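What follows is each chain in one-letter form.
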Amino acid sequence: MPPSLTGERLTGIAFVVVAARDHPLASVKGSIAKSELTKHVQLVLTDRTSLSEGREFGVMSPQTWRLADLFAKHAFLLNGLGWGGMPLHTVERDISEGRLAELSIEDVTPGSLIMPMSAVYPTSAPPGPAGRWLIERFKRCSNQIPANLQF
């Protein structure tokens, strides 16, 4: 990070890989080989900005449908139109009620998909009281992540 910016680690968002309960990948017992994933459409959330242009994050299949909206991706997953990673808190109920199945992927340890969050601000203009309060609140959220998932 450039010296003109200060970053503070906040918390992490747990992700899981899921598919609809009637998707072919949901019927695979045990760990799913990456070669099997390539046979199916992966739903990928895309960045509308140029910040990540030319970069891929978590893409494991050459067959992708790119969506710019997490709610659309969720709807596509529920309707069996592909498989993909989602923040756990957005699909936890779907998994527990059987609409989505969590997939076990080879070389991906269960519970290891954590997207770190940081607060970044100009070093010359640190957050005021409200910003500081928000940063501290987010940091407290990291205490809710099990110790073996800390980043």
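The structure reproduced in this document is the subject of the present report. (Residues numbered from 1 in each chain as written. Predicted model: local features only at pLDDT ≥ 70, side-chain atom pairs only at ≥ 80, totals over all residues. Heavy atoms only, no water.)

1. Brief notes about the pattern of salt bridges
In step 1: Under the counting rule described, the total for this entry stands at eight salt bridges.
In step 2: A salt bridge links E97 to R93; the nearest nitrogen and oxygen atoms lie 2.9 Å apart.
In step 3: On the accessibility criterion, E97 (41% relative accessible area) is partly exposed.
In step 4: R99 serves as the salt-bridge partner of D94, at 2.8 Å between the closest nitrogen and oxygen.
In step 5: Relative accessible area serves as the criterion here: at 7%, D94 is assigned to the buried category.
In step 6: Judged by relative accessible area, R99 falls into the partly exposed class, the value being 30%.
In step 7: Here the residues in one salt-bridge network are E8, R132, E136 and K139, joined through shared partners. (Salt bridge = Lys/Arg side-chain N within 4 Å of Asp/Glu carboxyl O. Buried < 20%, exposed > 50% of the residue type's maximum accessible area, 1.4 Å probe, protein only.)

2. Focus on the packing of helix 2 (residues 70-78) against helix 3 (residues 88-96)
When two helices pack together, their arrangement is given by the angle between the helix axes and by the axis-to-axis distance.
In step 1: Following both chains from N to C, one finds helix 2 and helix 3 inclined at 20°, their axes separated by 12 Å at the closest point. When the axes of helix 2 and helix 3 are compared, the pair comes out roughly parallel. Between helix 2 and helix 3 lies a crossing whose hand is right-handed. Contacts from L70, H74 and L78 of helix 2 reach helix 3 at T90, V91 and D94. (Axes fitted to C-alpha atoms, helices over the stretch in contact; angles between N-to-C directions. Helix = DSSP H or I, 4+ residues; strand = E, 2+ residues; numbered from the N terminus. Parallel < 35°, antiparallel > 145°, perpendicular 65-115°, else oblique. Left-handed = near helix turned anticlockwise from the far one by under 90°. Contact = heavy atoms within 4.5 Å.)

3. Some remarks on the packing of aromatic side chains
In step 1: Under the counting rule described, the total for this entry stands at one aromatic pair.
In step 2: With 6.2 Å between their ring centres and 85° between their planes, W65 and F76 make a pair best called edge-to-face. Of the two residues, W65 sits in strand 3 (residues 64-67) while F76 sits in helix 2, which places them eleven residues apart along the sequence.
In step 3: For W65, a relative accessible area of 40% corresponds to the partly exposed category.
In step 4: For F76, a relative accessible area of 28% corresponds to the partly exposed category. (Phe/Tyr/Trp six-rings, centres within 6.5 Å; stacked < 30°, edge-to-face > 60°.)

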